[in-house]
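# Remarks on the overall topology
Listed below are the residues making up each chain.
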Amino acid sequence: MYRDDHPLKPRRLIGVHDTLVRLGAFDHPNAVVLAPRDARIAEIERIHSPEYVLAVQEASVDPEMDYSRWGLSEHGDTPPFLGMHEASLLTTGATIRGMEEVLDGRLRVSFNGAGGLHHAMRSRASGFCIYNDPAIACGLIADRGLKVAYVDIDAHHGDGVQAAFYDTDQVLTISLHETGRSLFPGTGFADERGIGKGAGYSINVALPPYTDDRAYVNAFDAVVPPLVARFKPDVLVTQQGIDSHFTDPLTHLQVSTRAREHVVRAFRGFGLPWVAMGGGGYDLDAVARGWSIEYLVMLDAPIPEGLHDADPPAWTGDERDAVDAATDQAVRDALAAAFS
Ligand SMILES: [Zn+2]
């Protein structure tokens, strides 16, 4: 596990679990709590190089050595730690376990709040992410001959998933995020649209900092439902990092639980087999309330008003016009880059 002073500390999920227990969510007739399993090496290697997996295994046993060429460094975002390989196999395996239940038709949707580690690259850890469980899930689903729509609503660009499917039209990746001009990883512009058969199948909506609910919902509605409908996927995979929330200490979007509920209801409304996971989210109160709301939407259970933000920010006047103009531009750019 990451140290307790690391932003991706495991403690951040306890609040979600406790909130859902308090609400009786796991007693709901639609709820099933699955035990995770370890991901298999062959599953990890669907996305990652054998050399990288070997390096992570070595770092897991002996984290004091230098693994910086693999993106793992003591003073970087993603420090090596004892047992990191095993912990990452379990995080990834939890996503895969849910995916298998969904693909086999036993569940309509699965959610792994510990997953969504979308920055990990083929041979490099990045941005707190070691094994890229959303990309692994998309790859395993694609290997069954199914078309996958991957939608990433983390505040950061889903760069690792985009890179994994940049040259294929079998996985459509759509990422809505704060522009790389002001936020890590500095990528995710509309002109990153894929290559070869994948041209037009990598969609990026690069939102301006301070995008609020109204602008965010408009952007989502203009891009995601129409492109998903046009693509006609067999399976929906979502990364629901909640660091787009207005109280998040690491980002500058101003999204509230209201906009998030709207977006997750739209996911549900697609009526597709749905593999969902968490992602970033560093304000513990917002994480606990936000993902609890989203889990309740997945269950089709009522949402207690008290879980929502009391007073979400909303721009007026000149700031309203500026935010709307910038998000409209991001939408136009994203749609212009899309497959037709
Ligand atoms: Zn993030």
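Anyway, here's the lowdown on the structure attached to this text.

What counts as what
Residues numbered from 1 in each chain as written. Predicted model: local features only at pLDDT ≥ 70, side-chain atom pairs only at ≥ 80, totals over all residues. Heavy atoms only, no water. Buried < 20%, exposed > 50% of the residue type's maximum accessible area, 1.4 Å probe, protein only. Helix = DSSP H or I, 4+ residues; strand = E, 2+ residues; numbered from the N terminus. Pairing = 2+ DSSP bridges. Donors = N, O, S within 2.8 Å, 3.2 Å for Na, K, Ca; no water. Right-handed = clockwise from strand over helix to strand, strands pointing away. Salt bridge = Lys/Arg side-chain N within 4 Å of Asp/Glu carboxyl O. Contact = heavy atoms within 4.5 Å.

Residue alternation in strand S6 (residues 274–277) divides its side chains into two sets, Trp274 and Ala276 and Val275 and Met277, and both sets are buried. Here four bridges tie strand S1 (residues 109–112) to S6, and the two strands are oriented parallel to one another. What sits directly across from Val109, in S6, is Trp274. By the bridge criterion, four bridges tie strand S5 (residues 235–239) to S6 in an arrangement that is parallel. Bridge pairing in S6 places Val237 opposite Val275.

Each protein donor to the zinc ion is listed here as Asp154 (OD), His156 (ND1) and Asp243 (OD); together their distances run 1.9 to 2.0 Å. Between the donor residues of the zinc ion, the gaps in sequence give the motif D-x1-H-x86-D. Here the residue His156 occupies a position in the loop between strand S2 (148–152) and helix H6 (159–164), and Asp243 occupies one in the loop between S5 and helix H8 (257–269), the gap between them amounting to 87 residues. For the pair shown, His156 and Asp243 are each scored as buried.

The buried fraction of strand S3 (residues 171–178) is high, at eight of eight residues. One ladder, built from five bridges, connects S2 with S3; its direction is parallel. Note that in S3 the partner of Ala149 across the bridge is Leu172. Of the crossover connections in this fold, the one passing from S2 over H6 to the parallel S3 is right-handed. Bridge analysis of S3 against strand S4 (residues 202–207) gives six bridges, and the strand direction is parallel.

Looking now at the pattern of salt bridges. Summed over all chains, the structure comprises 17 salt bridges. Between Glu43 and Arg40 there is a salt bridge, with the nearest N and O atoms lying 3.2 Å from each other. Each of the salt bridges in this network shares a partner with another, and the network as a whole consists of Arg97, Glu101, Asp104, Arg106 and Arg144.

The next point concerns the side chain of Thr92. Following the sequence through the fold, Thr92 ends up in helix H4 (residues 84–103). When neighbours within four sequence positions are excluded, Thr92 is seen to be in contact with Ala39, Ile44, Tyr131, Asp133 and Ile136.

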